[in-house]
Amino acid sequence: QVQLVESGGGLVQPGGSLRLSCAASGSNFRIDVMGWYRQAPGKQRELVATITNGGMTNYADSVKGRFTISRDNAKTTAYLQMNSLKPEDTAVYYCNMKGRRGWAVLPDNWGQGTQVTAST
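These notes cover the structure that comes with them. In this text the structure is predicted, and so the values were computed from the model without any measurement. Numbering of residues begins from 1 in every chain and follows the order in which that chain's sequence is written. For this predicted model, a pLDDT threshold of at least 70 governs which residues receive local features, and a threshold of 80 or more governs which side-chain atom pairs are given and counted, while totals over whole chains, interfaces and linings are taken from all residues. Only hydrogens and water are removed before side-chain values are computed, so all heavy atoms of the structure are retained for them.

### A few points about the nonpolar core
Turning to step 1, where the next piece is worked out: Counting 31 residues, the largest nonpolar core has M34, W36, L80, M82, Y93 and M97 as its most contacted members.
Turning to step 2, where the next piece is worked out: By the criteria applied, helices consist of DSSP H or I runs no shorter than four residues and strands consist of E runs no shorter than two, each listed in order from the N terminus. At the level of secondary structure, the elements contributing two or more residues to this core comprise β3 (18-25), β4 (30-39), β5 (46-52), β7 (67-71), β8 (77-82), β9 (91-101) and β12 (114-118).
Turning to step 3, where the next piece is worked out: We call two residues in contact whenever any of their non-hydrogen atoms come within 4.5 Å of each other. Contact partners of M82, with chain neighbours within four places excluded, come to G16, S17, L18, L20, R66, F67, Y93 and V116. Within this scheme, the nonpolar core is defined by two criteria: the residues are buried Ala, Val, Leu, Ile, Met, Phe, Trp, Tyr or Cys, and they are joined through side-chain atoms within 4.5 Å. Each residue's exposure class comes from its accessible area (1.4 Å probe, protein chains only) as a fraction of the maximum for that residue type: buried when under 20%, exposed when over 50%, partly exposed otherwise.

Given below as C-alpha cells:
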C-alpha cells in the first residue's frame, strides 16, 4: 500500500503564500504522476497542478503564474508553492499519486487533505 502524507496548509491573508508538501511512502512502487487537487465547499474537486515522472507540469488556468508544483530529487515528495493567494483559493487541497507496482497500475492514491484558507 502506498501512503501519501500531506502538510503545510493553514490560514493566510489574501496575497500571502503557503507551501504544501506531499510525501509518498511504501514499497516497490513507481510514481508516474503526482498532483494536487482542491475542493471548496459545495463544489466539485478540481485539478490544481500535476507533475510527471519526467518533470512535465500542468496547471489549472486559475493558478497559472501564482502556483508552482515541484518535487524532491528522490521524486517521492511533491510540493505546491502557492503565492498571491486569493479568497477563491480557499479549499481542502488533496495530494494525488498515479503509479504502478511492476507492470500493474495502482489505483489512484489520495492524501488526507489539508485546509488552505485565504481570508482577512
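### Some points on the packing of aromatic side chains
Turning to step 1, where the next piece is worked out: To pair, rings of Phe, Tyr and Trp, with the six-membered ring standing in for Trp, must have centres within 6.5 Å; the planes then decide the type, stacked if under 30 degrees apart, edge-to-face if over 60, and tilted in the middle. On inspection of all chains with the given rule, the structure shows 1 aromatic pair.
Turning to step 2, where the next piece is worked out: Judged by centre distance (5.1 Å) and plane angle (70°), the ring pair of Y37 and W110 falls under edge-to-face. Here the residue Y37 occupies a position in strand β4, and W110 occupies one in strand β11 (residues 109-110), the gap between them amounting to 73 residues.
Turning to step 3, where the next piece is worked out: Think of it as a cone above the ring: NZ of Lys or CZ of Arg counts as a charge over the ring if it is within 6 Å of the ring centre and within 35 degrees of the ring normal. One residue, R19, lies across the ring of Y79, its end atom 4.1 Å from the ring centre.
Turning to step 4, where the next piece is worked out: Directly above the aromatic system of Y94 lies the positively charged group of R45, at a separation of 3.8 Å from the ring centroid.

### Concerning the environment of L85
Turning to step 1, where the next piece is worked out: Here L85 is to be found in the loop between β8 and β9.
Turning to step 2, where the next piece is worked out: A residue is classified by how much of its surface remains accessible, and L85, at 2% relative accessible area, is buried.
Turning to step 3, where the next piece is worked out: Once the C-alpha coordinates of L85 and G99 are considered, the two residues, 14 residues apart in sequence, prove to be 30 Å apart.
Turning to step 4, where the next piece is worked out: Leaving out residues up to four positions away in the same chain, L85 has contacts with V12, P14, G15, G16, S17, L18, R66, F67 and A118.

### Side note on the environment of A78
Turning to step 1, where the next piece is worked out: Residue placement: A78 occurs in strand β8.
Turning to step 2, where the next piece is worked out: A relative accessible area of 1% means that A78 is categorised as buried.
Turning to step 3, where the next piece is worked out: Spatially, the C-alpha atoms of A78 and G35 are 7.7 Å apart, while their sequence positions differ by 43 residues.
Turning to step 4, where the next piece is worked out: Excluding its chain neighbours within four sequence positions, the residues that come into contact with A78 are L20, S21, C22, M34, W36, S70 and R71.

### Some details on the pairing of β4
Turning to step 1, where the next piece is worked out: Across the 10 residues that make up β4, a large majority, 7, are buried.
Turning to step 2, where the next piece is worked out: Paired strands, in this sense, are two strands between which DSSP finds at least two bridges. Direction of pairing for β4 relative to β9: antiparallel, over a ladder of 9 bridges. Counted as the bridge partner of Q39 is V92 from β9.
Turning to step 3, where the next piece is worked out: Count of turn residues in the β4/β5 antiparallel hairpin: 6 residues, of which G42 carries a positive phi of about 80°.

### With respect to the pattern of salt bridges
Turning to step 1, where the next piece is worked out: Here, a salt bridge means any side-chain nitrogen of Lys or Arg that lies within 4 Å of a carboxyl oxygen of Asp or Glu. Under the counting rule described, the total for this entry stands at 7 salt bridges.
Turning to step 2, where the next piece is worked out: In this structure, the salt-bridge partner of R38 is E46, at a minimum N-O distance of 2.7 Å.
Turning to step 3, where the next piece is worked out: R66 is the salt-bridge partner of D89, the closest N and O atoms lying 2.7 Å from each other. Of this pair, D89 sits in the loop between β8 and β9 while R66 sits in the loop between β6 (57-59) and β7; the two residues are 23 residues apart in sequence, bridging distant segments of the chain. Residue D89 shares its accessibility class with R66, and that shared class is buried.
Turning to step 4, where the next piece is worked out: Salt bridges here are not isolated pairs; linked through shared partners, they connect R38, E46, R66 and D89.

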